[in-house]
Amino acid sequence: MRKILLLGAAAAMAFAEISTVQVSPEAIKNYEQIVDIRTPAEWMETGVIKGAKTITFNATDKEGFLNELKANVDLKKPVALICRSGRRSAAAAMMIDSPELNIINLDGGMGSLINQGYKTTPYQK
């Protein structure tokens, strides 16, 4: 597991800790809260992880994304983010950049997970 420390822009220089974990079917079992930040078209194409929350990440709407996270997940507990390859979830984790949150980026994303034989659940609107 790699740990990344990000410098906040505030004068106090707050630190956010973001863990990056290589995604695997075994790793998925370790997370109570998984948020799939892909698009609805991607969810329809490949399915989703059973029990995952689906919240599309829009890099131009940080406030909207954070509001949806707050409404749908318990931010006092670790939150694992997943996308198609791991790049978008890494960008979302860095954008969140809040010292009181525990964010895990599932590197490799759904593409890697599916290639490893993981069986997804069909996406339901």
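Everything below is about the structure printed above this text.
In this text, all values refer to a predicted model and were calculated from it rather than measured experimentally. (Residues numbered from 1 in each chain as written. Predicted model: local features only at pLDDT ≥ 70, side-chain atom pairs only at ≥ 80, totals over all residues. Heavy atoms only, no water.)

(A) Region of the structure containing the packing of aromatic side chains. Overall, the coordinates contain two aromatic pairs when judged by the stated rule. Here Trp43 and Tyr123 contribute two aromatic rings whose centre-to-centre distance is 5.0 Å and whose plane-to-plane angle is 45 degrees, an arrangement assigned as tilted. Here Tyr123 lies in the segment after α5 (109–115) and Trp43 lies in helix α2 (residues 40–46), a separation of 80 residues in the sequence. We note that Trp43, like Tyr123, is buried. On the basis of an interplanar angle of 75 degrees and a centroid distance of 5.1 Å, the ring pair of Phe57 and Phe65 is categorised as edge-to-face. (Phe/Tyr/Trp six-rings, centres within 6.5 Å; stacked < 30°, edge-to-face > 60°. Helix = DSSP H or I, 4+ residues; strand = E, 2+ residues; numbered from the N terminus. Buried < 20%, exposed > 50% of the residue type's maximum accessible area, 1.4 Å probe, protein only.)

(B) Quick look at the environment of Ser85. Structurally, the position occupied by Ser85 is in the loop between β5 (79–82) and α4 (87–96). A sequence separation of 22 residues divides Ser85 from Asp107, and the C-alpha atoms of the two residues are 6.8 Å apart. A distance of 3.5 Å separates the side chain of Ser85 from the backbone nitrogen of Arg87, its partner in a polar contact. (Polar contact = N/O pair within 3.5 Å; in protein donor to acceptor, adjacent residues only side chain to side chain.)

(C) Just the nonpolar core, in detail. Of all hydrophobic cores here, the largest spans 18 residues; its most connected members are Val35, Ile37, Phe65, Leu69, Leu81 and Ile96. Within the residue set of this core, elements represented by two or more residues are α3 (62–72), β5 and α4. Ranked by residue count, the leading element in this core is α4, at four residues. If near-sequence neighbours (up to four positions away) are discounted, Ile96 is found in contact with Lys62, Phe65, Leu66, Leu69, Leu81, Leu101 and Ile103. If you look at the next biggest cluster of nonpolar residues, it comprises 15 residues, including Val21, Val23, Ala27 and Ala80. (Core = buried A, V, L, I, M, F, W, Y, C linked by side-chain atoms within 4.5 Å. Contact = heavy atoms within 4.5 Å.)

(D) Inspection of the pattern of salt bridges at higher detail. Here the structure, examined in full by the defined rule, presents four salt bridges. For Asp36, the salt bridge is made with Arg38, and the minimal N-O distance between the two is 2.8 Å. Like Asp36, the residue Arg38 is buried in the burial classification. Put simply, Arg88 and Glu42 hold a salt bridge, and the shortest N to O gap is 2.8 Å. (Salt bridge = Lys/Arg side-chain N within 4 Å of Asp/Glu carboxyl O.)

(E) Spatial organisation of the environment of Thr121. Counting through the fold element by element, Thr121 comes out in the segment after α5. For Thr121, a relative accessible area of 29% gives the class partly exposed. Along the sequence, Thr121 and Lys50 sit 71 residues apart, while their C-alpha atoms lie 5.6 Å from each other.

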